[in-house]
Amino acid sequence: MESLADTLWDVVICGTGLQQSLLALALSRSDKKVLHIDPNDFYGGAEAAFSLQEVESWVEKVETGKEGLFEAASVKKLGGDTGLSFPRAYSLALAPQLIHARSTLLSQLVSSRAYRQVEFLAVGSFSIFKPSPDSSQKPTLVRIPSTREDVFSTTAISAKAKRGLMKFLKFVLDYDITPQTDTWQPHADAPLTEFLLKEFKMDQELQTYIITLTLSLDGKINTRDGLAVIHRHLSSMGMYGPGFAALYPKWGGLSEIAQVSCRAGAVGGAVYMLGTGVKTMNDKDDPIVIELSSGDTIKTRKVVRANESATDRFGINRLVAVVGSSLKSLFESTVEGAPKPAVAIVAFPAGSLSTATGEASTSPVYLSVHSSDTGECPANQSVLYFTTGSEHASQDLLQQALDSFPAALSGDTVPQCLYKLQYKQLQSSAHSQANGSIFDFAPPASALAFDDSILQSVQDAWKMVLGDEAVEEEYLTFADREGAMDDDESV
Amino acid sequence: MADSGAPKPSSSVKLVLLGEAAVGKSSLVLRFVNNDFQENKEPTIGAAFLTQKCNLPTRTIKFEIWDTAGQERFASLAPMYYRNAQAALVVYDLTKPTSLIKAKHWVAELQRQASPGIVIALVGNKLDLTNDSAGGDGEGAGVGDGEDARKVTTEEAKSYAEEEGLLFFETSAKTGYNVTEVFTAIANAIPETSLKTARGPGASSAAARTEEQRVNLNGPRDPNAKEGCAC
Ligand SMILES: Cc1cc2nc3c(=O)[nH]c(=O)nc-3n(C[C@H](O)[C@H](O)[C@H](O)COP(=O)(O)OP(=O)(O)OC[C@H]3O[C@@H](n4cnc5c(N)ncnc54)[C@H](O)[C@@H]3O)c2cc1C
Ligand SMILES: Nc1nc2c(ncn2[C@@H]2O[C@H](COP(=O)(O)OP(=O)(O)OP(=O)(O)O)[C@@H](O)[C@H]2O)c(=O)[nH]1
Ligand SMILES: [Mg+2]
């Protein structure tokens, strides 16, 4: 058997986050010798999903500063052990991103045949949390109408507002051609809210609907980006079935995609080593000489790794809560024939929450509610992922959102919070880049929806590894492996 | 396994094979899937994925088989497979005592780390290298009066399997002895309730639910979907 040291590797991939894992998938049918390592003892990096035991050891690692992009992590079991199931009944996602139907990620998973190993669930309604106007009333959740039928049937907005909304939906459909471009381009860098007010006379409430659909973390998304995101959302609607625009991979979101990609890499012959990082690297030499933390010294032509130093202080704060209710009212299909959604999105717009000291929130809080159908928690429980852009009182704001949310639910028994995980995830403005024989991926974005831009970096890394052998048209396009065909498919 | 013709409910079961290098994991799969045997099978690199159906009287089980590499350098791979598995086949070579020790390590790791409901079968392979006439159907599983290479007694492995609540079989991938039986026993041991829908900890009850919930990326779709803005 060839040992690690005797092999001249074509590429060493360090880290099993989504980008590195997709690269492993992309290389899985090449004859390249791939060594895929991860200093962590789990797969998925910043996109991992954890059982409750794993959460605890991860939190410890974050607290000792060993998880570069994360900080201020803490975990709390509430009400003792009652209510919570056994630790492995949970799979809490660090990256609970939803994936729009139009995303290139999905078409790449299909063309590479990796989709066969993933179960996709529908993301259902997007709602807005409306605080009670006075203490005698309860706060409410208002569903955002995002199809024509929805707009017609909703009672939440006036007839005049409906016309404005209709006009806007129609505009967005072809926003990137003339004459639409003439309308928005002068406002391209101005906030989308201003554009909506000026061109569509939308009141603040309607603006909030539209901003929520953009999932903009600070609510200040500009017109150019905002229109692109709304276009993605609306044109994704109905693509894989009626009534939903986005999907979610069962068992932990992007973590599942990373794992499935690594498995494909392994089937293709890549060697995997967890708990193994790069200790020293001499990139002056060709081949590059690497001393692994396992003590082995290896030689490789190329190295792909992730930049995990956060240069920006900006980031997100997240609160993940497990609650003891199935929150049924959030997961009703609204369109006939639609698959039962497993994820629901709720936005707490700027101003809808106030901190303990009475300050009104200045940026939105987003909540992604996952039913037990996601496999992330046992039946009769749900996982709530709250996210907000980091500010001085973010932690407090997330807690306020968690506390205020139950009152807005209709019909459900008031859910008891069983478990709470909090952390901050830093971001970086660094770009992915190739430097000779070394490729560095930018740290993963912590947006709420999967952003296709990382896919280009993966393809760039693939090109660097394959060099002249790279045939762009064949990128991630594979036939089914022999014996792995689903023979029921054609029936 | 005769097919009655009437469509039976069909469900998939994820199965992972674990065990020391060269104990015959891939050979067992090859026997089960293609009814074939190769005298000099090359070591598995990384992992292999195969599917095979198993017809039970009341239902059809489609095994999605992950055959992992036994070589130590691939050891990091295993968690990726057993994390999702509903069944595991832990294989040792009954002519090699160290392989049973390794098998016990895998069983312990599965009990610690895998899905709680996982069905585990312990399989002692290469029975043809022993003198056992066990089930010697026709050509017989034993090598007749050649020397007996057995180093792990049936009793030892069997009592261990009983203690741990594992299914237990001795097989020969070479003659095919007991191979289908292992997979059939696993198929039968998977609780009906955990099939299809009730797969995971978060499983729900109604049997047709998953199908209705699961979004098919390959299904009919409307490339010009404009429902959102067809106004
Ligand atoms: C992280 C993760 C990822 C998964 N990914 C997939 C996947 O991709 N595809 C897939 O098909 N399945 C997946 N599964 C589900 C897994 O396949 C199923 O759990 C497995 O098939 C067993 O199902 P079961 O219903 O037989 O047992 P389970 O429902 O898992 O367990 C049986 C019951 O026994 C009890 N129990 C068992 N162990 C304990 C314990 N230690 N303490 C207390 N109570 C206990 C519990 O009440 C539990 O509900 C995943 C599970 C996890 C945890
Ligand atoms: N006599 C005999 N030989 C067997 C049997 N099963 C497998 N072998 C032989 O044992 C060797 C190893 O078999 P494999 O199936 O490749 O073993 P493996 O467990 O998949 O090995 P790795 O992939 O390296 O983990 C091959 O030469 C097989 O022909 C058996 O039942 N009887
Ligand atoms: Mg093998």
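A quick note: this is a predicted structure, and the numbers were derived from the prediction, not measured.

With respect to the site of ligand 2
Residues and elements named next belong to chain B.
And then number 1: For ligand 2, the set of nearby residues contains 25 residues, the closest of which are Lys25, Ser27, Glu39, Gly70 and Asp128.
And then number 2: At 2.9 Å, a backbone N or O of Ala22 approaches an oxygen atom of ligand 2.
And then number 3: Here an oxygen atom of ligand 2 and a side-chain polar atom of Lys126 are 3.1 Å apart.
And then number 4: Burial of ligand 2 by the protein amounts to 92% of the accessible area it has alone, namely 650 Å².
And then number 5: Of the residues forming the shell around ligand 2, the biggest block, 3 residues, is contributed by helix 1 (residues 25-34).
And then number 6: Here the residues of the shell around ligand 2 sort into 8 nonpolar, 9 polar and 8 charged.

What about the coordination of the magnesium ion (ligand 3)?
Four donors placed tetrahedrally around a metal ideally meet at 109.5 degrees, and six donors placed octahedrally ideally meet at 90 or 180 degrees.
All names here are of chain B.
And then number 1: Surrounding the magnesium ion (ligand 3) are the protein donor atoms Ser26 (OG) and Thr44 (OG1), which sit 2.0 Å from the metal. Pair noted here: Ser26 is in helix 1 and Thr44 is in the loop between helix 1 and strand 2 (47-55), with a separation of 18 residues, a long-range link.
And then number 2: A relative accessible area of 13% means that Ser26 is categorised as buried.

Description of the pattern of salt bridges
Residue and element names in this part refer to chain B.
And then number 1: Summed over the entire model, instances satisfying the criterion amount to 18 salt bridges over all chains.
And then number 2: A salt bridge links Glu20 to Lys96; the shortest N-O distance between them is 2.6 Å. Taken together, the residues Glu20 in the loop between strand 1 (10-19) and helix 1 and Lys96 in the loop between strand 4 (87-93) and helix 3 (97-113) connect sequence positions 76 residues apart.
And then number 3: In this structure Glu20 comes out as buried when scored by relative accessible area, which is 16%.

Focus on the confidence of the model for chain A
And then number 1: Of all residues in chain A, 96% attain a pLDDT of 70 or more, and the chain-wide mean is 89.
And then number 2: Under a pLDDT of 50 for its full length, residues 486-491 of chain A has, in the predicted model, 8 contacts with residues more than four places off or in other chains.

Description of the environment of A:Gln427
And then number 1: Along the polypeptide, A:Gln427 turns up in the loop between strand 18 (417-426) and strand 19 (433-435).
And then number 2: A sequence separation of 157 residues divides A:Gln427 from A:Ala270, and the C-alpha atoms of the two residues are 30 Å apart.

Topic: the confidence of the model for chain B
Any residue range with low pLDDT should be treated as having predicted coordinates unsuitable for detailed reading.
Residues and elements named next belong to chain B.
And then number 1: For chain B, per-residue confidence averages 80 on the pLDDT scale, and 76% of positions sit at 70 or higher.
And then number 2: Confidence scores differ between elements of chain B, with helix 6 (residues 209-213) showing the lowest mean pLDDT of 54 and strand 5 (residues 119-125) the highest of 98.
And then number 3: A low-confidence stretch, residues 222-231 (pLDDT under 50), is modelled with 31 contacts involving residues beyond four sequence positions or located in other chains.
And then number 4: If you check the scores for this complex, the pTM reads 0.83 and the ipTM reads 0.74.

Side note on unusual backbone geometry
Residue and element names in this part refer to chain A.
And then number 1: Of the consecutive residues Thr178 and Pro179, the connecting peptide bond is found in the cis state with omega at 5 degrees.
And then number 2: For Pro179, the position within the fold is in the loop between helix 5 (159-173) and helix 6 (180-184).
And then number 3: Residues Asp286 and Pro287 are joined by a peptide bond in cis, for which omega reads 0 degrees.
And then number 4: Tracing the backbone shows Pro287 in the loop between strand 11 (278-282) and strand 12 (288-292).
And then number 5: Even without glycine at this site, Lys201 takes up a positive phi of about 50 degrees.
And then number 6: Counting through the fold element by element, Lys201 comes out in the loop between helix 7 (192-200) and helix 8 (204-214).
And then number 7: A positive phi angle is found at Asn380, which is not glycine, with a value near 65 degrees.
And then number 8: Secondary-structure assignment places Asn380 in the loop between strand 16 (365-371) and strand 17 (382-389).

Basis of the calculations
Residues numbered from 1 in each chain as written. Chains lettered and ligands numbered in written order. Predicted model: local features only at pLDDT ≥ 70, side-chain atom pairs only at ≥ 80, totals over all residues. Heavy atoms only, no water. Near = heavy atom within 4 Å. Polar contact = N/O pair within 3.5 Å; in protein donor to acceptor, adjacent residues only side chain to side chain. Areas by Shrake-Rupley, 256 points an atom, 1.4 Å probe, with all protein chains shown as cover. Helix = DSSP H or I, 4+ residues; strand = E, 2+ residues; numbered from the N terminus. Nonpolar A, V, L, I, M, F, W, Y, C, P; charged D, E, K, R; others polar. Donors = N, O, S within 2.8 Å, 3.2 Å for Na, K, Ca; no water. Buried < 20%, exposed > 50% of the residue type's maximum accessible area, 1.4 Å probe, protein only. Salt bridge = Lys/Arg side-chain N within 4 Å of Asp/Glu carboxyl O. pLDDT = per-residue confidence, 0-100. Contact = heavy atoms within 4.5 Å.

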